[in-house]
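# Fold and geometry: a report
Below are the chains, spelled out letter by letter.
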Amino acid sequence: GNGKSHTNPNELQLPATPVLPTAKVRLPWTNEPMAMQVLMFYHSKPHIFGCQFSNLFYSPIQVNTRWKVPTRDGTTQLLLNHEKSEIAVDEKQDDGASVESNMQMFQSSENVFQCAKAEHKMDAFYVQSLSPGDAARAGQGRLKMSNGLANKYKKFGGAPFRVANNHWQFSQHNKRYKVRPDWHVYKQEIMNHALRIKFVTYYKLIKEYVDCEMPVYFVEHTKNDTQWADGMNGNGTNLLGKLLTTLCFEFRKLKEQDSKFGNDSGNSDMLSTQDIKWSIDTQSDAFLQWMQVDNIKLIEDGEAFYAKHKECEWTK
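A brief look at the structure comes next. (Residues numbered from 1 in each chain as written. Predicted model: local features only at pLDDT ≥ 70, side-chain atom pairs only at ≥ 80, totals over all residues. Heavy atoms only, no water.)

### Some words on the sheet that holds strand β1 (residues 22-25)
Strand pairing in a sheet relies on backbone hydrogen bonds, with the paired strands running either antiparallel or parallel. Strand order in this open sheet of 3 strands is β1-β2-β7, and the pairing throughout is mixed. Unpaired on one side and paired on the other, β1 and β7 (216-220) mark the two borders of the sheet. Taking each pair of neighbouring strands and ignoring which way they run, the sheet shows an average axis angle of 50°. Here strand β2 (residues 34-41) pairs with β7 via 5 bridges, running parallel. Within β7, the residue paired with M40 across the bridge is V219. (Pairing = 2+ DSSP bridges. Helix = DSSP H or I, 4+ residues; strand = E, 2+ residues; numbered from the N terminus. Axes fitted to C-alpha atoms, helices over the stretch in contact; angles between N-to-C directions.)

### Quick notes on the nonpolar core
Counting 82 residues, the largest nonpolar core has F218 and F251 as its most contacted members. Discounting residues that sit within four places of it in the chain, F251 has contacts with F199, V200, Y203, I206, V210, F261 and W278. (Core = buried A, V, L, I, M, F, W, Y, C linked by side-chain atoms within 4.5 Å. Buried < 20%, exposed > 50% of the residue type's maximum accessible area, 1.4 Å probe, protein only. Contact = heavy atoms within 4.5 Å.)

### As for the pairing of β7
Burial analysis of β7 places 5 of its 5 residues in the buried class, which makes it a mostly covered element. Burial along β7 is two-sided: V216, F218 and E220 and Y217 and V219, pointing in opposite directions, are all buried.

### With respect to the environment of A135
Here A135 is to be found in helix α4 (residues 132-139). Taking C-alpha positions, A135 is 6.9 Å from E110, a pair spaced 25 residues apart along the chain.

### Some remarks on the side chain of Q169
On the secondary structure map, Q169 appears in strand β6 (residues 167-169). Polar contacts involving the side chain of Q169 include one to the main-chain carbonyl oxygen of S171, which spans 3.0 Å. What Q169 contacts, discounting residues up to four positions off in sequence, is M145, P160, F161, V163, N174 and K175. (Polar contact = N/O pair within 3.5 Å; in protein donor to acceptor, adjacent residues only side chain to side chain.)

### A closer look at the packing of helix α2 (residues 109-116) against helix α3 (residues 121-128)
Between two packed helices, the angle of one axis relative to the other and the distance separating the axes together describe the packing. At a closest axis distance of 8 Å, the pairing of α2 and α3 adopts a crossing angle of 165°. Here α2 is positioned roughly antiparallel relative to α3, judged by the angle of their axes. Taken as a pair, α2 and α3 cross one another with a handedness that is right-handed. Contacts between α2 and α3 involve N111, Q114 and C115 from the first element and A124, V127 and Q128 from the second. Considered class by class, the residues forming the contact of α2 with α3 number 3 nonpolar, 3 polar and no charged. (Parallel < 35°, antiparallel > 145°, perpendicular 65-115°, else oblique. Left-handed = near helix turned anticlockwise from the far one by under 90°. Nonpolar A, V, L, I, M, F, W, Y, C, P; charged D, E, K, R; others polar.)

### A word on helix α6 (residues 183-201)
Given a rise of 1.5 Å per residue, 19 residues ought to cover 27 Å, and the 26 Å separating the end C-alpha atoms of α6 matches this to within 8%. Judged by how many residues are buried, α6 sits mostly within the fold: 17 of 19 residues are covered. (Expected span 1.5 Å × (residues − 1).)

### Observations regarding the pattern of salt bridges
Under the definition given, this model contains 9 salt bridges. The shortest N-O distance in the salt bridge between R66 and E83 comes to 3.1 Å. Here R66, found in the loop between β3 (61-64) and α1 (83-86), pairs with E83, found in helix α1; they are 17 residues apart in sequence, far enough to count as distant. As far as the burial class goes, R66 and E83 line up, both buried. The salt bridge involving K121 is made with E86; its shortest N-O contact spans 3.2 Å. Taken together, the residues K121 in helix α3 and E86 in helix α1 connect sequence positions 35 residues apart. Given a relative accessible area of 36%, K121 falls into the partly exposed group. (Salt bridge = Lys/Arg side-chain N within 4 Å of Asp/Glu carboxyl O.)

See below:
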């Protein structure tokens with residue numbers, strides 16, 4: 001680790017929920033726009049409201065690195081790209097049951113995502129060893145490796161390039177590691193999987209928003225990202241917020257079907273993501289099209305909503 005002590009996410013005292021704005025939001029699984037509470041989040045520090053929804057939030061999870069990614073193109077994709085060459089994947093067995101799982105610990109959903117992005121094994125393992133923030137920086141080509149981080153990369157088999165004193169990068173011409181082929185095609189399902197594991201493992205982090213009367217629309221609110229977030233002004237697709245919204249709906253459905261669902265303090269012992277029958281098809285045309293629509297267009301009177309709520313205290 002990086003020497004910081006971390007609290008088990010299930011034991012964390014999270015900040016109280018402020019009064020959230022409401023809006024009607026278009027969803028792919030309902031015909032009419034639905035009245036929802038809009039929960040904006042961004043920062044991952046445990047004392048800030050919404051921190052648990054950031055991918056950088058510390059939440060160690062056990063993940064099968066040979067998990068079979070749902071694909072629409074008929075190719076076999078495993079969570080970590082290098083696993084495919086290391087094991088014989090039986091293409092005929094669609095459920096991947098023939099593949100023995102390889103459980104590994106990741107510090108956050110961000111670490112899972114950025115490791116899955118890597119083409120090569122040494123990069124995946126290196127990113128797995130980084131803090132959530134450094135994993136994000138590595139995958140986005142923003143990591144200034146210190147001498148210590150460069151030495152660590154060398155131990156994993158990397159050959160980092162020295163830019164200046166105590167400043168290294170992945171290689172002479174690249175500030176980030178080599179990305180797996182067609183990453184953009186599979187990354188959404190990979191993020192979805194990481195989020196499912198995170199919130200099944202630490203169900204308490206989302207329970208309040210599963211139990212509340214009016215459903216929640218999650219929005220990652222920052223000007224730094226128009227893909228996973230809303231770009232601050234709503235002209236962003238908010239992919240992370242949409243996947244969280246979908247997951248929260250799945251949990252609401254599971255609770256309707258089984259009143260005992262989520263009553264236990266933690267689900268990790270009794271639940272694994274394999275046991276859950278997810279009902280929303282995240283590979284359907286309707287879902288994928290919805291994911292590509294800017295937030296400002298999905299929220300009814302989006303312009304007015306953003307004019308009023310763009311300035312959000314806890315995401316500044």
